[in-house]
Every structure is written in structure tokens, then in C-alpha cells.
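# Observations on chain architecture
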Amino acid sequence: MSLRNFRFDSLEDTEISSPVTLERAEHNHLFRVLRARAGEVVGLLDGNGWRGTAQVEKGNLLTLLSKEKALLPEKRIHLYIAPPRRQKMDSILKQAAELGVFRIVPVLCEYAVSEPGENAVGGRWKDLLFEACKQSANPYLPQISPVIPFREALEDARKNCQFLAYGSVREKGCFSFESGDAAWFVGPEGGYAPGELEELEKIAHPIRLGSYILRVETAAIAGIAKLV
């Protein structure tokens, strides 16, 4: 039976058999909502690769039983996406974390329909991603980059990734990506502007995801699933 996971940012620095103090929201969820009892074991994640287990003690206390550092995934997917509206983007974030996306880069395109604010990117997005990591037991919280213009995104991808790709209905989509860092580009709901698509086609590999035009949220997750 899989353990319920909880966020514990100090996991790396906590010694085995030491007390574990969860943040208030995590503590309340464990003891008030789930009504954890002494002797039960829960999972812990810090989002930086550390995962562990803790035992519930009398008095709503926790003691660290074990911890380990997970290896970095052999395939690290960087999602370069022109964010759709809030509800759709929220769904993309959660599914991306479940699939193990390594980094998310919001991209400002010419036909963009939404530009997330700094509070969303640095706050609410991170919370959504961590909830998905706890659910899926993904030890690595996806990194979140600031919003950058499309052409800067291309340069960023060339600098950080060995393989760059985008979705296409016209190409057969044969490709080879075995390990390392891959950039997956997903355009806005209105599609890339002609100039943007021309620049993308010069440096990125087309991958066929199907015969029809996909919604942003479908293209994002389908491409990630094909690359991981």
C-alpha cells in the first residue's frame, strides 16, 4: 500500500529518529482531516529529491524513520509553454508534475491569451505542483522559471537542452531521445505567429502527436508523455 506523502522542507538536514515538524497546513491535514493514529507511517518529500518516512507518535508528533536522495531522472523534460487561461494551466501543471517534468518555462508569444503574474508563478503554481508531487510520489518539484519572450525561450532551450521538439500534424515524428535534457514547446491557444513558427522549425524537431490540431492542454501532456 502506498504511503500518503507530506511536504517537509527540512528533510535533508533532519537526522534519523529526530522529530519532524510539518507546516501548519500539512500538520492539520494529517491529524485533523486524516486523523492519523500512533504507529501509522507517512511519506515525506522536500521537492529537491529527498524522500523519507516518518512514524506517527502519541500527541500528534512525528519521528523520522528513514530518508534517501533520489537519483535525477535520466530524461529531464523542460516544458516551454504559452500559458492558457488559469483553469487550463492549473490542470497542465498538475499533470506535468505527475509525469515528472523537470522544469516549466512560461513563454510570452505574439498570440498569447494569458500572461501569468509573478505571484501566480512563484506562489500558486508551486503549491499546485507540490500537491501533484505528493500525490504521485515524485521527489523532484518541477523548477519554475520567470515568464520570458518567445525568442529568449528559444535561446534558453538551446543553452539548456540537447533535444528541442514541437508538435506537428504534418510530420511522421520519428525521433531519438534517450537521455539528457529535452525542450518541449507548446504554443498559445491561437497558435504560433508565422515568424515564431519559422524560427522554431529551424532549431526544433517536429513530433507527430496525431492527425488533428490539439488543444494546448492536450498537446502539452501528450508531448511530455511521448518524451519521458
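Further up the page is the structure itself.
A brief report on the enclosed structure follows. These figures come from a predicted structure and were not determined experimentally.

About the criteria used
Residues numbered from 1 in each chain as written. Predicted model: local features only at pLDDT ≥ 70, side-chain atom pairs only at ≥ 80, totals over all residues. Heavy atoms only, no water. Phe/Tyr/Trp six-rings, centres within 6.5 Å; stacked < 30°, edge-to-face > 60°. Helix = DSSP H or I, 4+ residues; strand = E, 2+ residues; numbered from the N terminus. Buried < 20%, exposed > 50% of the residue type's maximum accessible area, 1.4 Å probe, protein only. Lys NZ or Arg CZ within 6 Å of the ring centre and 35° of its normal. Pairing = 2+ DSSP bridges. Arc of directions from axis to C-beta. Contact = heavy atoms within 4.5 Å. Salt bridge = Lys/Arg side-chain N within 4 Å of Asp/Glu carboxyl O. Axes fitted to C-alpha atoms, helices over the stretch in contact; angles between N-to-C directions.

### What to know about the packing of aromatic side chains
All told, the structure shown has three aromatic pairs when counted by the stated rule. Seen in terms of ring centroids, Phe-150 and Tyr-192 are 5.5 Å apart; in terms of plane orientation they differ by 55°. Their pairing is tilted. A residue pair is termed long-range when its members are at least 10 positions apart, and Phe-150 in helix α4 (residues 150-160) and Tyr-192 in the loop between β10 (180-186) and α5 (194-203) qualify at 42 residues. Here Phe-150 and Tyr-192 have matching classes, each one buried. Sitting over the ring of Trp-50, Lys-67 keeps its end group 5.2 Å from the ring centre.

### Here's the deal with the pairing of β10
In terms of residue burial, β10 counts as a mostly covered element, since seven of its seven residues are buried. As judged from the seven bridges shared by strand β5 (residues 75-81) and β10, these two strands associate in the parallel manner. Residue pairing for β10: Ile-81 is matched across the bridge by Val-186. Examined bridge by bridge, strand β9 (residues 163-168) and β10 share four bridges and lie parallel to one another. When the sheet's bridge partners are listed, Tyr-166 is paired in β10 with Phe-185.

### Overview of helix α1 (residues 24-33)
Along α1, the residues that are buried comprise Glu-26, Leu-30 and Phe-31. Buried residues in α1, looked at end-on, bunch into an arc of 105°, giving them a common side. In α1, those exposed residues whose orientation departs by more than 90 degrees from the buried face are Arg-24, Ala-25, Arg-32 and Val-33. Residues of α1 that are buried sit in contact with β1 (5-7), β2 (41-45), β3 (50-57), β4 (61-69) and α3 (118-136). Positive backbone phi, approximately 55°, marks Arg-35, located one or two places after α1.

### Description of the pattern of salt bridges
A complete count under the given rule lists twelve salt bridges for this structure. Between Arg-7 and Asp-9 there is a salt bridge whose closest N-O contact spans 3.0 Å. Overall, the relative accessible area of 15% leaves Arg-7 in the buried class. Measuring nitrogen to oxygen at the nearest pair gives 2.6 Å for the salt bridge that ties Asp-90 to Arg-124. Separated by 34 residues along the polypeptide, Asp-90 in helix α2 (residues 86-98) and Arg-124 in helix α3 bring together distant segments of the chain. For Arg-124, a relative accessible area of 24% puts it in the partly exposed group. One salt-bridge network, held together by shared partners, links Glu-26, Glu-131 and Lys-134.

### Examining the sheet that holds β1
Pairing is mixed in the open sheet, where four strands are placed in the order β1-β2-β3-β4. Of all strands in the sheet, those with a lone pairing partner are β1 and β4, marking the two edges. Strand-to-strand twist of the sheet, defined as the mean angle between neighbouring strand axes without regard to direction, takes the value 35°. Bridge count for β3 against β4 is eight bridges, and the pairing is antiparallel. The residue of β4 that forms the bridge with Thr-53 is Ser-66. Taken strand by strand, α1 contacts β1, β2, β3 and β4, and its axis lies near 150° from that of β1. Running at roughly 150° to β1, α3 makes contact with β1 and β2 of the sheet.

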